[in-house]
Amino acid sequence: MKQLFNPAINLMNNLSYPRKLIVLGGLSLLSLLIVSISLLVYLSGSISTANQQLEGLKQAQKTSSLIQALQQHRGMSAAVIAGVNNSADMQLSVNKQVDENFLKVSKGLPAELKQAAKWSTIQAQWQYLDAKGITLALDESFNLHTELIHNLNSLQLQVADYYFLLVMDDLDSYYLTNSFLFTIPITLELLGQARAVGVSYLVNKDIKSRGEMVSLLSNTIVPLDVFKNNVGKVKRELISNGESLTAQELSQKIERHVTFTLDGVLADTTSMSSLELYNQSTYVIDVGYQFLDNSLSFTLSTLLNSRVKEANTQLIVSIGFSSALFLIVLYFIIGLHFSTIRSINSLTQVTGKFYGGDLDARVTLDTHDELNNIALGFNEMATSFQNLMIDKEEISSRLRAIIDNSPIGIWFTGIDGRYHFVNKTFCNLAGIEEEDMLNTPSANLALLLGDEIAHHCLNSDRAALAQDFPHVSYETIPRLNAKPYILEVTKVKLKNSHGEVIGLIGISKDITNKRQQEEDLKLADIVYQNSSEAMMITNANNEIIAINPALTEITGYSSSELIGKNPSIFSSGKQSTEFYQSMWEELKLTGTWQGEIWNTKKNGGEFPEWLSINTIYDDYGNVFRRIALFSDITEKKKKDALILRQAKYDSLTNLPNRIMFIDRLEQEIKVSQRKMQKFALIFIDLDNFKKINDTRGHVYGDTLLIEAGKRITHCIREVDSVARLGGDEFTILLSDIADIHNVEIIAQKVLDALSKPFYISKMYTYISASLGVTIYPNDASSTLELLKNADQAMYLAKNLGRNRFCYFTASMQEQALEHLELMDDLREAITLNQLTVFYQPIVDLKTGEIRKAEALLRWKHPIRGMVSPAEFIPLAEESGLIIEIGDWVFKQTVQHIKKCKEQLGLDIQVSVNKSPVQFRESIEQLDWLSYLAENQLPGENIVIEITEGLLMNNNISTLERLSKFRAAGIGLSMDDFGTGYSSLSYLKKFALDYLK
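Residues numbered from 1 in each chain as written. Predicted model: local features only at pLDDT ≥ 70, side-chain atom pairs only at ≥ 80, totals over all residues. Heavy atoms only, no water.

Per UniProt, the comment on the protein under Cofactor (unreviewed entry) is "Mg(2+)". (UniProt positions renumbered as here; feature names shortened; annotations may be inferred.)

Pasting the structure below:
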């Protein structure tokens, strides 16, 4: 691209600045002049063309008037020949009009067209028609007139072409010209021909004339439609220089005339005479020519005059603008010349002064161009040069500062060993002041450095002077209360410009940290070689470059077998391609990866390992090394599996525990929901297991649970599962139950299997079980609801006599809900004062006196009314509320006894029921004996009623508490004897006061 401009560059390089401005200015002015002349020529051409079009329009108007006169002459001739009109005056008038219009056309016709054969033919045709007149036959007269008019229309088009009327610049002029030269003249010519033929038809009534007239009138439709379209496309409104119709009114007149002629005259539906037709046709044609002259022609003339006026205005403006622009450009070129020359002269003068030694000389220009930038650059250069001279004076001090602050010690000694230069770093390392170092001769060096260090320095000086390459030695510099320095000392001979040795340059570097790092590296190598964790290093191409012995010990591969290999040599094939893709994506993104992976040893054995990979990058951010650390986690996985088993399996029976059972139940719900199938959940509770466990010991009971679990497992299918929830509770999950009857079969198998005797520790034991069955999704669809339903069904089986199975029903759910509601209400009963103590009198049958009573608890529910103790006492025992309620009853009883003594003087003994739950040691409860003492009542006022079951438990703590009650004078009564075990032997073992 630059080569293209080489001629211009060479020319400008050979010209002075003034000549460059002259060349550029001259070219710019010449270009402006050429553009301006081109614009003026174009505008002048536009004006000339518009003027010619105006002249052509005038000539077209004259031709149009001649055609109108000839059409009228044709119509008049037809009327006279047909005998319709014999007016000689009218004929003479029409002939005179034709002659006058011929004269006008001839005067205005251009010489080229006037000399053409077409004009001569037209004149000859008219002279022939004018001479023959009415002596011609009707058809011959019509044909000659029509041919003459046709030739005049052709001449009209030649005139239009000569004056450029057929090439209009704007659309409005184009459509108006088209209407003026084509559509309206054609329409009027067809109407004129129809006038002449119509007159003949009305006189002679011949079929041929009638057909011709129909054809002529029908042909007016096309040019008339084109005219209407043209006028519709014209954006400006047509104007007139006199009275004239609008384009729409003209079209309507012509259409009505054509319609009337076709539908009326030719259809013989009107009595119009040939003269009337002639006059009416003549009127319509005259109106058309009037529209042509007054509207179309005038509008076109106005448009062309407007164009001429606009072009003249543009021409004047262009000439003025071009002249002003020419003067402005010339003005600024001259200004540019003087400005540039003045700036160049100023630059030349100042550079001369600066060259002459005036370093303070500076260029000052009041311009903002490139020369000013050059001046500013020169000023900056001059300032920089001055600063350089100043800086030169400071180099020595700066160099000294740099050397003093260097992290290494630097010094210079002569051949005699005397120090001539030392930097601060060296002084700090040696712990000696600079002045002492420079002022001490080599013979006294031991006074500063000590004998040993001074001896080493002098020996190394002699060694360095004796060899041509640097001498390196190491010195240890002691420090007070700190670790000594280890210095690496390098000495090299210093020669002058003649190659003579003038001394030594010494460099000392503190390598204490470097030595420490070397020791750390050795330690790291020891760790690397002796680590129990396998280590492997790969390069950027993922090729193994180093391994440690632990890797060989774990995998069996030696270093020679792995160096240069890809780590994929360990691949076991257990991981998918997607696994490795994910691993490499994370490595590339983060540089690290860790996780569990299965690999293969040299002997083909597969093992799990925990692998960690870290990436080391170079200074450019590219992968330099990757370090992989892994260990064999086979034993760890075994331990994890054991922990998992202990977490999810029952340690006694090896059956799934509650955690795994819940997980399996949730999975079974998802599978059954997806496959739209049923499954059954069975709750199993061993009947009376607690008694066996308490009487025969926990070891015996554990063995019984193990055997029971095995028997239950043997009753189910392989797809089913058994779990132990805890204690003596087991569950069964029966998958994909197509027939409920199968559930009953399995449940019965379980009952039969558990009812058979268990032979444990040379003793037979008999147990039974209560089973609760619930079906998914018939009964419930959630884990919690299924567990609750099976539990309720199991309790129903127990209540019905045990050793049976029961299905969950909706009524059980209602009963459970009522049970919960009643328990919730019971919790609020004490606070809301809904509980009341009634006293049932005990009558002495001998005397009829009432000296005793039994405290009976009653609950008056605000909605349920009186609730039976048989309903709420079991609930209170089940929930533990019996502790609070029992203590409240005891307090009420004590207060009533106290009130009877104080107010009535009645010493009465009241029996109070005490539930077995109240004898549990772990529950905090009211101390009855202390409460009696607080209210100053003896124990003889209270009788505690217990059940037979409490004594059957043979609990030592319970027996001790009963003994305390007896010792305090409180009576003991056994309630409901005969409804339970009814053991008469137990009555002898306990000191009871009453038996009920």
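The discussion continues.
J.: Hey, could you run me through the overall build of the protein in this one?
T.: If you tally the helices and strands in the protein, you get 33 helices and 24 strands. For 996 residues, the compact-globule estimate of 2.2 N^0.38 gives 30 Å, and the C-alpha radius of gyration of the protein, at 67 Å, exceeds that figure by more than 25%. In terms of overall dimensions, the protein has C-alpha extents of about 180 × 130 × 75 Å along its principal axes. Taking all 996 residues of the protein together, 40% fall into the buried category. Across the protein, the fraction of contacts at a sequence separation of at least 24, relative to all contacts at a separation of at least 6, is 62%. The distance from the centre of the 94 positive side-chain charges to the centre of the 116 negative ones in the protein is 3 Å. (Helix = DSSP H or I, 4+ residues; strand = E, 2+ residues; numbered from the N terminus. Rg over C-alpha atoms; globule rule 2.2 N^0.38 Å. Buried < 20%, exposed > 50% of the residue type's maximum accessible area, 1.4 Å probe, protein only. Contact = heavy atoms within 4.5 Å. Lys, Arg positive; Asp, Glu negative; His and termini not counted. Charge placed at Lys NZ, Arg CZ, Asp CG, Glu CD.)

J.: Where do I start with unusual backbone geometry in this structure?
T.: The general pattern is negative phi for most residues beyond glycine and trans for most peptide bonds. Cis geometry is adopted by the peptide bond preceding Pro 777, which originates at Tyr 776 and carries an omega value of 0 degrees. Here Pro 777 shows up in the loop between β16 (768–776) and α26 (783–799). Positive phi, close to 50 degrees, is recorded for Asn 803, a residue that is not glycine. On the secondary structure map, Asn 803 appears in the loop between α26 and β17 (804–807). Residue Asn 803 is classed as partly exposed on the basis of its relative accessible area, which comes to 40%. Positive phi, normally seen in glycine, also occurs at Asn 833, with a value near 60 degrees. Of note, Asn 833 is situated in the loop between α27 (810–829) and β18 (835–843).

J.: Is there a simple way to explain the packing of aromatic side chains in this structure?
T.: For any two aromatic rings, the description comes down to two numbers: the centre-to-centre distance and the angle of the planes. Counted by the stated rule, this structure contains 14 aromatic pairs. Where Phe 102 meets Trp 126, the ring centres are 6.0 Å apart and the plane angle is 25 degrees; that geometry is what we call stacked. Of this pair, Phe 102 sits in helix α3 (residues 88–108) while Trp 126 sits in helix α5 (residues 117–132), and the two are 24 residues apart along the sequence. This pair shows no difference in class: Phe 102 is buried, exactly as Trp 126 is. Here Phe 579 and Tyr 580 contribute two aromatic rings whose centre-to-centre distance is 5.4 Å and whose plane-to-plane angle is 85 degrees, an arrangement assigned as edge-to-face. Its relative accessible area of 24% is what places Phe 579 among the partly exposed residues. Put simply, the rings of Phe 890, Trp 928, Tyr 931 and Phe 965 touch in pairs and so form one group of aromatic residues. In this structure, Lys 574 is placed above the aromatic ring of Trp 598, and the distance from its NZ or CZ to the ring centre is 3.9 Å. Directly above the aromatic system of Phe 607 lies the positively charged group of Lys 601, at a separation of 5.5 Å from the ring centroid. (Phe/Tyr/Trp six-rings, centres within 6.5 Å; stacked < 30°, edge-to-face > 60°. Lys NZ or Arg CZ within 6 Å of the ring centre and 35° of its normal.)

J.: Help me understand helix α24 (residues 698–714) in this model?
T.: Turn by turn, an α-helix covers 3.6 residues, leaving residues three or four places apart pointing in a common direction. If you check α24, its first and last C-alpha atoms are 24 Å apart, about what 17 residues at 1.5 Å a residue would give, namely 24 Å. Buried residues of α24: Tyr 700, Gly 701, Leu 704, Leu 705, Ala 708, Gly 709 and Ile 712, and no others. (Expected span 1.5 Å × (residues − 1).)

J.: I'm lost on empty space enclosed by the protein in this one. Help?
T.: Any empty space left between the atoms is revealed when a probe the size of a water molecule rolls over them. Inspection of every chain in the model, using the stated rule, returns four cavities of 30 Å³ or more. When its volume is computed, the largest cavity comes out at roughly 170 Å³. Around the largest cavity, the lining comprises 16 residues; the ones closest to its centre are Phe 426, Cys 457, Glu 475, Leu 487 and Val 489. Counting only elements with at least two residues in the lining of the largest cavity, the list comes to α13 (424–430), α16 (451–465), β3 (471–479) and β4 (482–495). For the lining of the largest cavity, the residue count by class is 11 nonpolar, three polar and two charged. For the second largest cavity, the calculated volume is near 50 Å³. In terms of lining residues, the second largest cavity is bounded by Ser 64, Ile 67, Asn 153, Gln 156, Phe 180, Leu 181, Pro 185, Tyr 289 and Leu 292. (1 Å grid on protein atoms, 1.4 Å probe; cavity = no way out; pocket = protein on both sides within 12 Å on 5 of 7 lines; lining within 4 Å. Points joined across faces, edges and corners; volume = space filled by probe spheres on them. Nonpolar A, V, L, I, M, F, W, Y, C, P; charged D, E, K, R; others polar.)

J.: Sorry if this is basic, but what is going on with the sheet that holds strand β8 (residues 592–600) here?
T.: What links the strands of a sheet is backbone hydrogen bonding, and the strands pair in either a parallel or an antiparallel sense. Pairing within the open sheet is antiparallel, and its five strands lie in the order β7-β6-β10-β9-β8. A single partner strand is all that each edge strand has here, and the edge strands are β7 (544–547) and β8. Across this sheet, the average inter-strand angle for adjacent strands is 25 degrees, counted without regard to direction. By the bridge criterion, five bridges tie strand β6 (residues 534–538) to strand β10 (residues 623–632) in an arrangement that is antiparallel. Each residue of the ladder has a partner; that of Ala 534, found in β10, is Phe 630. Of the strands in this sheet, β8, β9 (606–617) and β10 touch helix α20 (residues 577–590), which is tilted by about 150 degrees from β8. (Pairing = 2+ DSSP bridges. Axes fitted to C-alpha atoms, helices over the stretch in contact; angles between N-to-C directions.)

J.: Help me understand the sheet that holds β17, please; the structure alone is not making it clear to me.
T.: Pairing is mixed across the open sheet formed by five strands, whose spatial order is β12-β13-β11-β16-β17. In the strand order of this sheet, the two ends are held by β12 (721–726) and β17, each with one partner. Averaged over all adjacent pairs, the angle separating strand axes in this sheet is 20 degrees, with direction ignored. Of the strand pairs in this sheet, strand β11 (residues 679–687) and strand β13 (residues 729–734) are connected by six bridges, and their pairing is antiparallel.

J.: Looking at this model, I keep getting lost on the pairing of β17. Mind explaining?
T.: The side chains of a regular strand alternate between the sheet's two faces. Both β16 and β17 contribute to a ladder of four bridges, which runs parallel. Looking at β17, one finds that Val 773 is bridged to Tyr 807. For the crossover from β16 across α26 to β17, the handedness is left-handed. (Right-handed = clockwise from strand over helix to strand, strands pointing away.)

J.: Quick question: what am I supposed to make of the state of the cysteines here?
T.: Note: disulfide means a covalent bond formed between the sulfur atoms of two cysteine side chains. Summed over the entire model, instances satisfying the criterion amount to zero disulfides. For the unlinked cysteine Cys 715, the closest cysteine sulfur is that of Cys 806, found at 18 Å. Residue Cys 806 is classed as buried on the basis of its relative accessible area of 9%. (Disulfide = S-S within 2.5 Å.)

J.: For this particular structure, what's the right way to read the pattern of salt bridges?
T.: Tallied over the full model, the rule gives 18 salt bridges. Note that Glu 255 and Lys 228 form a salt bridge whose closest N and O atoms lie 2.7 Å from each other. Of this pair, Glu 255 sits in helix α10 (residues 247–265) while Lys 228 sits in helix α9 (residues 221–233), and the two are 27 residues apart along the sequence. The class of Glu 255 is partly exposed, set by a relative accessible area of 31%. Look at Lys 228 and you get partly exposed, because its relative accessible area is 34%. In this structure, Lys 710 engages Glu 707 in a salt bridge whose closest nitrogen and oxygen atoms are separated by 4.0 Å. Highlighted residues: Lys 710 and Glu 707, both in helix α24, separated by three residues, approximately one helical turn. (Salt bridge = Lys/Arg side-chain N within 4 Å of Asp/Glu carboxyl O.)

J.: Looking at this structure, I do not really get the nonpolar core. What am I missing?
T.: Most often, soluble globular proteins keep nonpolar side chains buried together rather than apart. Among the nonpolar cores identified, the biggest contains 68 residues, and Leu 70, Phe 180 and Leu 191 are the most heavily contacted of them. Broken down by element, this core gets its largest block of residues, 14 residues, from helix α11 (residues 274–355). Those residues within four positions of Leu 191 in sequence are excluded, and the remaining contacts are Leu 217, Thr 220, Ile 254, His 257, Val 258, Val 284 and Ile 285. Ala 853, Leu 857, Val 894 and Trp 928 belong to the second-largest nonpolar core, a separate cluster that totals 39 residues. (Core = buried A, V, L, I, M, F, W, Y, C linked by side-chain atoms within 4.5 Å.)

J.: Mind showing me how you'd approach the environment of Glu 578 here?
T.: Looking at where Glu 578 falls in the secondary structure, it is placed in helix α20. Here Glu 578 falls in the exposed class, since its relative accessible area comes to 53%. As for Glu 578 and Leu 376, which are separated by 202 residues in sequence, their C-alpha atoms are 66 Å apart.

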